[in-house]
Amino acid sequence: MGSGAARIDLNADLGEGIGDDAAMLGIVTSANVACGFHAGTPAQLLATCRAAVDAGVRIGAQVSYPDRSGFGRRFMEMTTPDLVADLVYQIGALDALARSVGGAVTYVKPHGALYNTIVHHEQQAEAVVTAVRDVDAGLAVMGLPGSEVLSRARRAGLDTISEAFADRAYTPEGTLVPRGTDGAVLSDSAEIARRVVELVTTGRIGAIDGTLIDVDAGSVCLHGDTPGAVGHAQAVRDALTAAGIVIGAPPA
């Protein structure tokens, strides 16, 4: 979305067995549901899909490296066939769970280290695109604006969703400041809300060094597993509504 955007999607990572999923489903319009490889049991994922359907929230498959002990936040070297197979497995399993309760997976958002890796890693980015296309060429890919995976997804004819992050600091290059770095995760609800409204209305956001950077986003991620997450998310939604911005998933 660029300057003057009047509509934005709000998404959150759910089904991980942490955070208040029920509260977040009353705020967001898209649910990135874990697929079991970094978090979530089949029963938890089924319950999350059912709750998303009941709330009228669209479902995305949040695929990950096979790394439950590291919560999917550690880089893994994987061959293309192995990574493609793992991703196809995850998308298919979550879609089956979603369909059993009247929903369906409509997009794919990689999680954690895989998400960050495919901003620049050509081989793994191509594997993600291949997996999504092989499962269903009608699925969209959600990722960071300017990332390798979104560029390759577009070239493959897939729909893409560029996203921004409400509670994460940005580098001047437009990537996320790594977790663990001082100031990487924001904690003030009012500041988070102000930044999101600025992003949606101007297409720009302040980087960690104070410079303004362009961020083209159709969706904003509201993390549900950080302290005060529900409060942050509600503040963002309230501020967007007050600014006259329509909150909803992009038209199909």
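Structure's up top.
Just so it is clear, the model here is predicted, and its values are computed rather than measured. (Residues numbered from 1 in each chain as written. Predicted model: local features only at pLDDT ≥ 70, side-chain atom pairs only at ≥ 80, totals over all residues. Heavy atoms only, no water.)

Things to note about unusual backbone geometry
Under the convention used in this document: Secondary structure counts use DSSP, requiring at least four H or I residues in a row for a helix and at least two E residues in a row for a strand, with both numbered from the N terminus. The buried label goes to any residue with under 20% of its type's maximum accessible area, the exposed label to any with over 50%, and the partly exposed label to all in between, with areas taken from a 1.4 Å probe on protein chains only.
The phi dihedral of Phe71 is positive, around 55°, even though this residue is not glycine. With respect to the helices and strands, Phe71 occurs in the loop between strand 3 (58–62) and helix 3 (80–100). Judged by its relative accessible area of 18%, Phe71 is buried.

Focus on the pairing of strand 6 (residues 160–165)
Our working rule: Two strands form a pair only when DSSP identifies at least two bridges running between them. Crossover handedness is defined here as right-handed if the route from the first strand over the helix to the second strand goes clockwise, with the strands pointing away from the viewer.
Within strand 6, five of the six residues are buried, which leaves the element mostly enclosed by the surrounding structure. As paired strands, strand 5 (residues 140–143) and strand 6 are joined by three bridges and run parallel to one another. Each residue of the ladder has a partner; that of Gly143, found in strand 6, is Ser162. Running through helix 6 (residues 148–155), the crossover from strand 5 to the neighbouring parallel element strand 6 is right-handed.

Remarks on the packing of helix 5 (residues 122–135) against helix 6
Quick reminder of the rule: The axes used here are C-alpha line fits, helices contributing only the stretch in contact, and every angle between their N-to-C directions lies in the interval 0 to 180 degrees. An angle below 35 degrees is treated as roughly parallel, one above 145 as roughly antiparallel, one from 65 to 115 as roughly perpendicular, and anything else as oblique. Two helices that cross are described as forming a left-handed crossing if the nearer one is turned anticlockwise from the farther one by less than a right angle, and a right-handed crossing if clockwise. Any pair of residues with heavy atoms lying within 4.5 Å of one another is described as a contacting pair.
Running from N to C, helix 5 and helix 6 point in directions that differ by 45°, and their axes come no closer than 9 Å. As far as their axial angle goes, helix 6 and helix 5 are oblique. Handedness of the helix 5/helix 6 crossing: right-handed. Residues Glu122, Ala125, Glu126, Val128 and Val129 of helix 5 form the contact with helix 6, whose own contacting residues are Glu148, Val149, Arg152 and Ala153.

Points about the environment of Ala242
Locating Ala242 in the fold gives a position in helix 8 (residues 229–242). Residue classification places Ala242 among the exposed positions, given a relative accessible area of 69%. In sequence terms Ala242 and Asp214 are 28 residues apart; their C-alpha atoms lie 23 Å from each other.

Side note on the nonpolar core
Stated precisely, the cut-off is as follows: We call a set of buried residues a nonpolar core when its members are Ala, Val, Leu, Ile, Met, Phe, Trp, Tyr or Cys and they connect through side-chain atoms within 4.5 Å of each other.
Ranked by size, the top nonpolar core spans 74 residues in total, and within it Leu94, Leu222, Val236 and Leu240 carry the most contacts. Ranked by the residues each element gives to this core, the list is headed by helix 3, at seven residues. Those residues in contact with Leu222, other than ones at most four positions away along the chain, are Leu10, Asn11, Ala12, Asp13, Met24, Ile27, Val28, Ala166, Ala233 and Val236.

So, the pattern of salt bridges
Where we set the bar: Salt-bridge detection follows one rule: a side-chain nitrogen of Lys or Arg within 4 Å of a carboxyl oxygen of Asp or Glu.
For the structure on display, the rule yields 12 salt bridges. Between Glu191 and Arg194 there is a salt bridge, with its nearest N and O atoms 2.8 Å apart. Pair noted here: Glu191 and Arg194 are both in helix 7 (residues 189–202), with a separation of three residues, about one helical turn. Under the relative-accessibility criterion, Glu191 is labelled partly exposed at 32%. Its relative accessible area of 41% is what places Arg194 among the partly exposed residues. Residues Arg194 and Glu198 are paired through a salt bridge, measuring 3.6 Å at the closest nitrogen-oxygen approach.

By themselves these figures say nothing about function.
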